[in-house]
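Examining the three-dimensional arrangement
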Protein chains: 2
Amino acid sequence: MALSEFELIRRYFGAAGAAGAGMLRDDVVLGIGDDGAILRPPPGQDLVAVIDTVIEGVHFPIGSAAAAVGHRALAVNLSDIAAMGATPAWALLSLSLPQADEAWLQDFATGLGRLAGEHGVALVGGDTTCGALAVGIQLLGFVPANGGLRRSSGAPGDWVFVSGTPGDAAAGLAIEMGQAGPGGLDEAWLRDRFLYPTPRVALGGLLRELASACIDVSDGLAGDLGKLAAASGCGAELDVTRLPLSPALIRTVGAEQALERALNGGDDYELCFTIPDARLAEAEARLAGQPTPVRRIGRLVSGSDVKLQRAGAVTGSPHAGFDHFAR
Amino acid sequence: MALSEFELIRRYFGAAGAAGAGMLRDDVVLGIGDDGAILRPPPGQDLVAVIDTVIEGVHFPIGSAAAAVGHRALAVNLSDIAAMGATPAWALLSLSLPQADEAWLQDFATGLGRLAGEHGVALVGGDTTCGALAVGIQLLGFVPANGGLRRSSGAPGDWVFVSGTPGDAAAGLAIEMGQAGPGGLDEAWLRDRFLYPTPRVALGGLLRELASACIDVSDGLAGDLGKLAAASGCGAELDVTRLPLSPALIRTVGAEQALERALNGGDDYELCFTIPDARLAEAEARLAGQPTPVRRIGRLVSGSDVKLQRAGAVTGSPHAGFDHFAR
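Residues numbered from 1 in each chain as written. Chains lettered and ligands numbered in written order. Predicted model: local features only at pLDDT ≥ 70, side-chain atom pairs only at ≥ 80, totals over all residues. Heavy atoms only, no water.

1. Structural notes on the side chain of serine 212 of chain B
All names here are of chain B. Put simply, the rule reads: Each helix is a run of H or I in the DSSP string that is no shorter than four residues. Each strand is a run of E no shorter than two, and both are numbered from the N terminus. With a 1.4 Å probe rolled over the protein chains alone, any residue whose accessible area is under 20% of its type maximum counts as buried; one over 50% counts as exposed, and the rest are partly exposed. Pairing of N or O atoms within 3.5 Å defines a polar contact, subject to two protein rules: one partner must be a possible hydrogen donor and the other a possible acceptor, and residues neighboring in sequence count only if both atoms are side-chain atoms. Throughout, a residue-residue contact means that at least one pair of heavy atoms, one from each residue, lies within 4.5 Å.
Following the sequence through the fold, serine 212 ends up in the loop between α7 (201-207) and β8 (213-217). Overall, the relative accessible area of 14% leaves serine 212 in the buried class. Within polar-contact distance, the side chain of serine 212 engages the side chain of aspartate 158 at 2.7 Å. Separated by 2.6 Å, the side chains of serine 212 and threonine 274 make a polar contact. Apart from residues lying up to four places away in sequence, serine 212 is in contact with Arg150, Ser153, Gly154, Asp158, Thr274, Ile275 and Pro276.

Put into structure tokens, the structure is as follows:
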């Protein structure tokens, strides 16, 4: 029997250090190669399941590097797992490809496998089909029973935080799509922020003990904060002077455009979360002791909608985050 | 906020009787609407995970009825779950659609929801994207710990069985694609066997207690039996005079073509399984007491490859089952 596309992926994926773990782990009773995978959930934990598909020309530019596509397909799912406060465990892959291209598959599997290895994710199953380039990943993880983070459990008075420096990925995508950039190190760094997003899995695990609510920022910070606030039955105030903007972003697009990208750009894969006022000091101390930068940017309030403030004065409402379906 | 496509699906899906269960079940801690679903696995069970994507123009004809597409997307995954001997529980849906069409979504969700309701499957998450019509489903189920069926555990001397009447779906697809058919009831029945395959979930559960190995027949009986035999380190002999051919298939395409369709057609979604000789009488008695027809069609043997026999004499080798990637 000819080596199938999936067998190729498994082989290269294994070379990147992840499938080997999948083969030897006690929690993977039966991996790739049968009609389904048999997996052993740890006792006393809830299962967290997420699914996200990335499509060429919709979620990443046509002709993107295969390693970046493999990284992105897993990263967007790891970001959802992080937002639930969960520890990732097992992935299933559904890959649609126009043709079998061994070099492309090797790079794709390497990009996917490297990130999987960093997060202890075993590839346990999947399928390949002939069609337009699309990568669907279903990722399973765990939280202690009743310990999962939600969007809906914030309350008025809770402080709003965000991780990282939102807006960089949107600027990186614009450069990747051929918009004139300044060149040099800033441009390379911004492109890298788009191509290789960093899912905040360790931060999500810590937030399980600290945050009242959490969402991943994939469609624009203002819109995603709006979703968290709406799910929690609140409004939110966001102080734009406190937004963490990267120096590279400000140098590249200027301060006002940087703010716009940070509020309404997409593809950040950061976490936006809320901390009750009574736990603020404890949370800030513990958050300062971990490697992912976070910043307090606003507060949940009674009412609805997200209001922007500049040093205490309302300056308007942000545009809504974009909807992938309308993209 | 405008009603999203996914919200539409959830609403119509619920109307078909399945999501309501998802909302009220103890095993669904958090369903649709957050970054991920939180699910509570039953203690002492292994998790079985399958993923399969159906694409317009590849796995079903362009312009297929939406209800049939929804049914198929879940049925192909239920068939994989059945082949593992598992009980299905939770589904995540990744839907790519060229445009949002409310009537289409309603019919799609109804087709999907009806089959989900029959099998106790709760839709717990997913996403929609704009793109060519493709439906990916990831389905999770359970088996008692160490109780999952596999392809690889057959042995020489085990008897080979198949459920249903393979070949009907391939003939139904040909009719659906516009090949001249006889019209009338036979044609309608064969088309229905293609459009609305019956996943053999209850049979799979029973086989967990009886069979040595099992595979679902999706790419042609001869090829899929070959996969089971290869995974078990065996060959197989298949007596073509014992193949269960439907009267409608024989009347429509003739006896020789019926045999060809049964051996090498696709899309049957039946189960092919093996029973050790020592348990044959017990298994036949218990299999006779359940509603899905099964028939003994051959035997695993030492060696490799599938050999066809006609009343004991070797008549040749079947063509290989087709590969979806090359389809």
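Having seen the model, we can carry on.
2. Focus on helix α3 (residues 66-83) of chain B
All names here are of chain B. Here is the rule: Take the number of residues in a helix, subtract one, and multiply by 1.5 Å to get its expected span.
In this model, α3 (18 residues) spans 26 Å end to end at C-alpha, consistent with the 26 Å of a helix rising 1.5 Å per residue. Burial analysis of α3 places 18 of its 18 residues in the buried class, which makes it a mostly covered element. A positive phi of about 75° marks glycine 85, the residue just after α3.

3. Points about the packing of α3 of chain B against helix α4 (residues 102-118) of chain B
Residue and element names in this part refer to chain B. Threshold: Axis lines are fitted to C-alpha atoms, over the contacting stretch for helices. Their N-to-C directions set the angle, which ranges from 0 to 180 degrees. Take the far helix as your reference; a near helix turned counterclockwise from it by less than a right angle gives a left-handed crossing, and one turned clockwise gives a right-handed crossing. Throughout, the ten residues Ala, Val, Leu, Ile, Met, Phe, Trp, Tyr, Cys and Pro are labelled nonpolar, Asp, Glu, Lys and Arg are labelled charged, and all others, Gly among them, are labelled polar.
It is at 6 Å that the axes of α3 and α4 come closest, and there the two elements cross at 35°. In this structure, α3 meets α4 at a crossing whose hand is right-handed. Every residue of α4 that contacts α3 at Ala66, Ala67, Val69, Gly70, His71, Leu74, Ala75 and Leu78 is listed here: Trp104, Asp107, Phe108, Gly111, Leu112, Leu115 and Ala116. Residue composition of the contact of α3 with α4, grouped by class: eleven nonpolar, three polar and one charged.

4. Let's talk about the sheet that holds strand β4 (residues 87-97) of chain B
Strands belonging to one sheet form pairs held by backbone hydrogen bonds; the direction of such a pair is parallel or antiparallel. The cut-off we apply is this: Being paired, for any two strands, means DSSP has found at least two bridges between them.
Taken together, the six strands give an open sheet; going across it, the order is β1(A)-β2(A)-β3(B)-β6(B)-β4(B)-β5(B), and neighbouring strands pair in mixed fashion. Both edges of this open sheet fall to β1 (28-30) of chain A together with β5 (122-130) of chain B, since each of them pairs with a single strand only. Neighbour to neighbour, the strand axes of the sheet diverge by 20° on average, direction disregarded. Of the pairings in the sheet, the one linking strand β3 (residues 45-55) of chain B to strand β6 (residues 134-144) of chain B comprises eleven bridges and is antiparallel in character. Each residue of the ladder has a partner; that of isoleucine 51 of chain B, found in β6 of chain B, is glutamine 138 of chain B.

5. Some details on the relation of the copies chain A and chain B
We apply this condition: When the copies are superposed, the least-squares fit draws on C-alpha atoms of residues that have pLDDT of at least 70 in both.
Aligned on chain B, chain A shows an RMSD of 0.0 Å; the corresponding rotation is 180° and the shift along the axis is 0.0 Å. What the superposition gives is, in effect, a two-fold axis relating one chain to the other. Comparing interface residues between copies, 100% of those in chain A also sit at the interface in chain B, which points to an isologous, same-surface contact.

6. Some remarks on the pairing of β4 of chain B
Residues and elements named next belong to chain B. For the record, the criterion: Orienting the strands away from the viewer, one traces the path from the first strand over the helix to the second; a clockwise path indicates a right-handed crossover.
Counted residue by residue, β4 has ten buried out of eleven residues, so it is predominantly covered. Relative to β6, β4 runs antiparallel, the two sharing nine bridges. Paired with serine 96 across the strands is alanine 134, a residue of β6. Relative to β5, β4 is paired through eight bridges, and the arrangement is parallel. Paired with alanine 91 across the two strands is leucine 123, which belongs to β5. As a crossover connection, the stretch from β4 through α4 into β5 is right-handed.

7. Considerations on the interface of chain A and chain B
For clarity, the threshold we go by: Salt bridges are counted wherever a side-chain nitrogen of Lys or Arg sits within 4 Å of a carboxyl oxygen of Asp or Glu.
Every contact between the two is made by 54 residues of chain A and, on the other side, 54 residues of chain B. For the pair chain A and chain B, the number of links is six salt bridges. On the surface where chain A and chain B come into contact, there are 21 residue pairs in polar contact (both at pLDDT 80 or more). Sorting the residues of the side of chain A that touches chain B by element identifies β1, β2 (37-39), β3 (45-55), α3 (66-83), β4 (87-97), β5 (122-130), β6 (134-144) and β8 (213-217) of chain A as the ones contributing at least two each. Ranked by the residues each element gives to the side of chain A that touches chain B, the list is headed by β3 of chain A, at ten residues. When β3 of chain A meets strand β2 (residues 37-39) of chain B, the two strands line up antiparallel, connected through three bridges.

8. Structural notes on the domain arrangement of chain A
All names here are of chain A. The condition that has to hold: Bear in mind that the domain bounds are from an automatic or database domain assignment. Accessible surface is computed with a 1.4 Å probe, and the buried area is the amount of it that two parts give up when combined, taken over both parts together.
Split into domains, chain A comes out as domain 1 (5-144) and domain 2 (159-326). Taking only C-alpha atoms into account, the centre of domain 1 sits 26 Å from that of domain 2. Each side of the interface is counted separately: domain 1 has 21 residues, and domain 2 has 20 residues. Between domain 1 and domain 2 lies a buried interface of about 1,700 Å² when both sides are counted; carbon and sulfur atoms form 63% of it. For domain 1, the biggest contributors to the area lost against domain 2 are Pro61, Arg72 and Ser79; these three give 27% of the whole. On inspection of domain 1 and its partner domain 2, the count reaches one salt bridge. A salt bridge links aspartate 267 to arginine 72; the shortest N-O distance between them is 3.7 Å. Along the contact surface separating domain 1 from domain 2 lie five residue pairs in polar contact (both at pLDDT 80 or more).

9. Regarding the packing of aromatic side chains
Here is the rule we go by: Note on aromatic pairs: the rings of Phe, Tyr and Trp (six-membered ring only in Trp) are paired at centre separations within 6.5 Å, and the planes decide the class, stacked below 30 degrees, edge-to-face beyond 60, tilted for the rest. Whether a charge sits over a ring comes down to the Lys NZ or Arg CZ being within 6 Å of the ring centre and within 35 degrees of the ring normal.
Using the criterion set out here, one finds six aromatic pairs over all chains in the structure. With centroids separated by 5.3 Å and ring planes inclined at 10°, the aromatic side chains of phenylalanine 161 of chain A and phenylalanine 273 of chain A adopt a geometry described as stacked. With phenylalanine 161 of chain A in strand β7 (residues 159-163) and phenylalanine 273 of chain A in strand β10 (residues 270-275), the pair connects residues that are 112 residues apart, well separated along the chain. For phenylalanine 161 of chain A, a relative accessible area of 2% corresponds to the buried category. Taking the centre distance of 5.3 Å and the plane angle of 85° together, the rings of tryptophan 90 of chain B and phenylalanine 142 of chain B count as edge-to-face. One end of the pair, tryptophan 90 of chain B, is in strand β4; the other, phenylalanine 142 of chain B, is in strand β6, and 52 residues separate them in sequence. Accessibility classification places tryptophan 90 of chain B together with phenylalanine 142 of chain B in one group, the buried group. The ring of tryptophan 159 of chain A carries the charged tip of arginine 296 of chain A above its face, separated from the ring centre by 4.6 Å. A cation over an aromatic ring shows up here: arginine 299 of chain B above the ring of tryptophan 159 of chain B, its NZ or CZ 3.8 Å from the ring centre.

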